[in-house]
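What follows is the residue order along each chain.
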Amino acid sequence: MKEWYDAIEEAQSVERLEEIRISVFGKKGILAEGFAKMKSASDEEKAQIAKSLNTHKNALTNELVLKKMRLQTLELEAAMKAEAIDVSLYSASSQAGALHPVMETMDRIVEYFTAMNFAVKTGNMVEDDFNNFEALNLPKHHPARDMQDTFYFKDEMLLRTHTSPVQIRTMMQNKPPIRMIAPGSVFRRDYDITHTPMFHQVEGLLVDKEGKVSFANLKFILEDFLKYMFGDVEVRFRPSFFPFTEPSAEVDISCVFCKGDGCRVCSKTGWLEVLGCGIVDQNVFEAVNYENVSGYAFGLGVERFTMLIHKIGDLRSLFEGDIKLLEQFQ
Ligand code: DAH
């Protein structure tokens with residue numbers, strides 16, 4: 001019998017234990033064999049053999065059960081080890097991408113104006129002199145062109161300096177009324193902490209019958225829009241000049257850094273300039289053959305909005321593609 005105790009002791013798998021169980025307890029197993037042989041023994045011997053066989057039967061049953069539990073625990077531990085996930089392991093593929101903060105800001109702007117029923121229009125990044133300047137009341141040699149120096153091709157083609165030419169293209173292709181915004185990239189010969197050679201603008205234009213569009217309408221929507229973008233800020237309109245609007249205004253919000261107390265970012269004024277706007281100049285309507293209409297327009301820089309929303313000091317950092325920096329704004 002000792003050999004069977006040894007066999008159980010040495011078994012390395014649950015399958016092997018099962019083989020042993022059959023050899024010991026099966027119909028033709030050694031216990032059955034023992035009990036069969038017992039029949040031919042004398043009564044005295046019978047009692048002794050039966051006692052011994054029953055003792056082994058109980059002891060071997062116990063050994064088998066215990067060994068099975070031990071083996072199953074070992075097998076479970078091995079499986080857990082094999083299937084374990086190393087959470088400290090770096091995996092490049094598990095990094096989810098996200099929108100660039102500039103695009104995210106652009107999306108929010110577009111979201112606001114589409115909710116206000118403005119259609120989204122796109123134009124051409126390579127523009128001609130007529131759409132970018134002339135039709136916007138910026139004739140050749142007009143000094144206001146100096147503020148928007150850009151990259152020129154031959155035949156009076158250039159990289160557009162603002163999204164305002166989309167106003168012209170939209171009016172040339174559609175009859176009034178018009179209610180549009182134009183998000184897109186624009187280009188200028190600039191590079192410092194608040195300017196990059198390529199940046200993004202969103203233009204807005206609303207045109208309706210003569211006398212129907214007022215400065216009050218413009219003021220209302222821009223105030224509402226700026227509160228949507230920046231939260232609880234104060235908004236002020238300052239008289240300014242743009243060739244394509246008359247009257248024109250620049251719009252400021254109370255400084256998001258110092259809440260209007262005056263700091264380095266707002267040059268101690270408490271105000272930050274965020275966009276330009278005005279009532280569309282009649283010369284612009286003349287250039288696109290629109291008669292008896294009135295309208296308002298506005299234009300803004302998306303990078304500037306992004307800097308103010310996320311409190312970023314140097315606009316150029318938005319273009320460096322540094323993931324560590326960009327991740328902070330998710
Ligand atoms: N185009 C101007 C710029 O790039 C922004 C602008 C100002 C657009 C006033 C407008 C406007 O439509 O009415 O600086």
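Residues numbered from 1 in each chain as written. Predicted model: local features only at pLDDT ≥ 70, side-chain atom pairs only at ≥ 80, totals over all residues. Heavy atoms only, no water.

Novice: So, a nonpolar patch on the surface: which residues are in play, and what are the values?
Specialist: Taken together, the side chains of Met125, Val126 and Phe153 make up a nonpolar region of the molecular surface, amounting to roughly 270 Å² of accessible area. Along the chain, the position of Met125 falls in the loop between β1 (119-120) and β2 (126-128). Look at Met125 and you get partly exposed, because its relative accessible area is 43%. (Patch = residues over 30% accessible without salt bridge, like charges linked within 9 Å, V, L, I, M, F, W, Y side chains within 5 Å. Areas by Shrake-Rupley, 256 points an atom, 1.4 Å probe, with all protein chains shown as cover. Salt bridge = Lys/Arg side-chain N within 4 Å of Asp/Glu carboxyl O. Helix = DSSP H or I, 4+ residues; strand = E, 2+ residues; numbered from the N terminus. Buried < 20%, exposed > 50% of the residue type's maximum accessible area, 1.4 Å probe, protein only.)

Novice: Please give an account of the environment of Thr61 that cites residues and values.
Specialist: By the element assignment, Thr61 lies in helix α4 (residues 43-83). Aside from chain neighbours lying at most four places away, what touches Thr61 is Phe25 and His56. In this structure the side chain of Thr61 is engaged in a polar contact, spanning 2.6 Å, whose partner is the backbone oxygen of Lys57. (Contact = heavy atoms within 4.5 Å. Polar contact = N/O pair within 3.5 Å; in protein donor to acceptor, adjacent residues only side chain to side chain.)

Novice: Describe the packing of aromatic side chains, and please don't skip the residues or the numbers.
Specialist: Under the criterion given, the structure shown has eleven aromatic pairs. Ring centres of Tyr112 and Tyr228 lie 5.3 Å apart, and the angle between their planes is 45°; on these two criteria the pair is classed as tilted. Here Tyr112, found in helix α5 (residues 101-115), pairs with Tyr228, found in helix α8 (residues 215-230); they are 116 residues apart in sequence, far enough to count as distant. Looking at Tyr112, the relative accessible area reads 7%, which means it is buried. (Phe/Tyr/Trp six-rings, centres within 6.5 Å; stacked < 30°, edge-to-face > 60°.)

Novice: Account for unusual backbone geometry, with residues named and values stated.
Specialist: In this structure, Pro177 follows Pro176 across a cis peptide bond, with omega equal to 0°. Counting through the fold element by element, Pro177 comes out in the loop between α7 (165-173) and β4 (178-187). Cis rather than trans, the peptide bond between Glu246 and Pro247 has omega equal to -5°. Of note, the phi angle at Asn137 is positive, near 65°, even though the residue is not glycine. When its relative accessible area of 21% is taken as the criterion, Asn137 is described as partly exposed. In the Ramachandran plot, Asn292 falls in the positive-phi region, its phi being about 55° despite a non-glycine side chain. Tracing the sequence through the fold places Asn292 in the loop between α9 (282-287) and β9 (293-301). Of the residues examined, Asn292 reaches a relative accessible area of 55% and is grouped as exposed.

Novice: Which residues make up the pattern of salt bridges, and what are the values?
Specialist: With the rule as written, the count across this model stands at 15 salt bridges. In this structure, the salt-bridge partner of Lys212 is Asp208, at a minimum N-O distance of 4.0 Å. Here Arg238 makes a salt bridge to Glu250, at a shortest N to O gap of 3.1 Å. One end of the pair, Arg238, is in strand β6 (residues 235-242); the other, Glu250, is in strand β7 (residues 245-254), with twelve residues separating them in the sequence. Accessibility expressed as a relative area gives 26% for Arg238, which makes it partly exposed. Residue class for Glu250 comes out buried when judged on its relative accessible area of 16%. Connected via shared salt-bridge partners are Asp129, Glu134, Lys140, Arg145 and Glu156.

Novice: Hey, could you go over the layout of surface pockets for me, with residue numbers and the actual values?
Specialist: Considering only enclosed or pocket space, the largest pocket measures out at about 920 Å³ in volume. Taken together, 36 residues line the largest pocket, and the ones lying closest to its centre are Arg188, Phe199, Gln201, Glu273 and Gly301. Elements supplying a minimum of two residues to the lining of the largest pocket: β5 (198-209), β6, β7, β8 (271-280), β9 and α10 (302-310). When the residues that make up the lining of the largest pocket are grouped by side-chain class, the tally is 16 nonpolar, 13 polar and seven charged. As for the second largest pocket, its lining consists of 13 residues, and the residues nearest its centre are Thr194, Val265, Met307, Ile312 and Gly313. With three residues, α10 is the largest single contributor of residues to the lining of the second largest pocket. (1 Å grid on protein atoms, 1.4 Å probe; cavity = no way out; pocket = protein on both sides within 12 Å on 5 of 7 lines; lining within 4 Å. Points joined across faces, edges and corners; volume = space filled by probe spheres on them. Nonpolar A, V, L, I, M, F, W, Y, C, P; charged D, E, K, R; others polar.)

Novice: Explain the pairing of β9 to me, using residue names and the numbers behind them.
Specialist: The element β9 is largely enclosed, with a buried count of eight among its nine residues. Judged from the nine bridges that link them, β5 and β9 form a sheet pairing that is antiparallel. Note on β9: the bridge partner recorded for Lys209 is Val293. Direction of pairing for β8 relative to β9: antiparallel, over a ladder of five bridges. Opposite Gly276, over in β9, you have Gly299 as the bridge partner. (Pairing = 2+ DSSP bridges.)

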